[in-house]
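# Inside the fold
Chain by chain, the residues:
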Amino acid sequence: MEASITLNSIGKTFNKSTLLADLSFGVEKGTTFALIGSNSSGKSTILKLLVGIVEKDAGIAYINGKDIHTRSKEIRSITGYMSQNIDLDNELSIFENLIINGRLHGLDYKTAKENSIIYLEHLNSMNLVKLHPKDLSYGQKRKIMFIRSILHDPEVLLLDEPTKGLDPQSRNKIWDIIDKFIPRKTILFSTQNLEEAEKYADRIAILHEGNIKMDGTLERLVETTHGLSRYVLSFSSPPSQDFFDKIKENPRVLKPSLNGLDFEFYSREKKQFFNVLNIALDFSLDDIDVSTCKLRDLFIGLTDGGLE
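### With respect to the environment of L285
As for its position among the elements, L285 is in strand β14 (residues 285-292). Considering only alpha carbons, one finds L285 and H152, 133 residues apart in sequence, at a separation of 58 Å. Apart from the residues lying within four places of it in its own chain, the contact partners of L285 are L233, S234, F235, L277 and A280.

Shown next, in the form of structure tokens:
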């Protein structure tokens, strides 16, 4: 399938710190691609680089076959960008913010107004049109930022944590708009909401220390765990040090940790679970939870020491 977004060997440093290191990946046309990663992993930098807010130090990137460096004006006309930071104009009303942005992207006044009303109504935000950004809550501003990014019907959407600060109903409405009103767009979005990445992305990339550590469909990513399972043993009272000493005798029990009265660990072998269970039976065991690994487990494993 044709690539709509392509990054090849992208490098970016800031204050002698490496933000992106020889980064390469592509997003197929008409698909939704999620970038997940911890704070300062480089997610926002990638999106800012694609819209020309920051300059790359190395490599080359294309949007719809156009070099982002030499054809930046053309790229801005076909992309919609929602930043993580609020940058609405406080001197203008919400309606004026939207209309002016639409006009700057080539819409006539009538179309900009009609599109604004459609999306404002769907997000239950028509009551905000005469207000100014300073009068809005953070979540209300985020909804306006989203509307602004899609107002001109762009071919490519670059969304930096689009549902951050929104209540569950508003989050659902955002994705409903993407699904029903502007389908078949190429969408690259960053998020720390792993459930949204699982639900809405065709492909997911885990970004860590400036590079992609894992990339693929959710099914493919889960397959890479090779049968890894997550176990949680709940105790009615904290287990003694003797419990942990005995656990250390089982090196194939991966990433053991105690959170309150819940003891969590990973293993690829049921035998290790039975070994731990046998030990736990002597220490006020109260409940057991077993699940196959999901995106959360992969993310924690890759960004916090691995699940080798």
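### What about the sheet that holds strand β5 (residues 66-67)?
Spatially, the four strands line up as an open sheet ordered β2-β1-β4-β5, and their pairing is antiparallel. At either margin of the open sheet sits one strand with a lone partner, and together these are β2 (17-28) and β5. Pairing of strand β1 (residues 3-14) with β2 involves eight bridges; the strand directions are antiparallel. Paired with L7 across the strands is F25, a residue of β2. Of the strands in this sheet, β1, β2 and β4 (58-63) touch helix α1 (residues 43-50), which is tilted by about 65 degrees from β2.

### Digging into the nonpolar core
Counting 42 residues, the largest nonpolar core has I144 and F146 as the members making the most contacts within it. With near-sequence residues (within four places) excluded, F146 lies in contact with M82, L123, L159, I174, I177 and I178. Membership of the second largest hydrophobic core comes to 26 residues, among which are I10, I63, Y81 and A205.

### Section: the packing of aromatic side chains
For the structure on display, the rule yields 13 aromatic pairs. Taking 5.5 Å as the distance between ring centres and 45 degrees as the angle between the ring planes, the aromatic pair formed by F273 and F274 counts as tilted. On the basis of relative accessibility, which here comes to 8%, the residue F273 falls in the buried class. A network of ring pairs unites the aromatic residues Y231, F235, F243, F244, F263, F265, F273, F274 and F283 as a single cluster.

Rules used throughout
Residues numbered from 1 in each chain as written. Predicted model: local features only at pLDDT ≥ 70, side-chain atom pairs only at ≥ 80, totals over all residues. Heavy atoms only, no water. Helix = DSSP H or I, 4+ residues; strand = E, 2+ residues; numbered from the N terminus. Contact = heavy atoms within 4.5 Å. Pairing = 2+ DSSP bridges. Axes fitted to C-alpha atoms, helices over the stretch in contact; angles between N-to-C directions. Core = buried A, V, L, I, M, F, W, Y, C linked by side-chain atoms within 4.5 Å. Buried < 20%, exposed > 50% of the residue type's maximum accessible area, 1.4 Å probe, protein only. Phe/Tyr/Trp six-rings, centres within 6.5 Å; stacked < 30°, edge-to-face > 60°.

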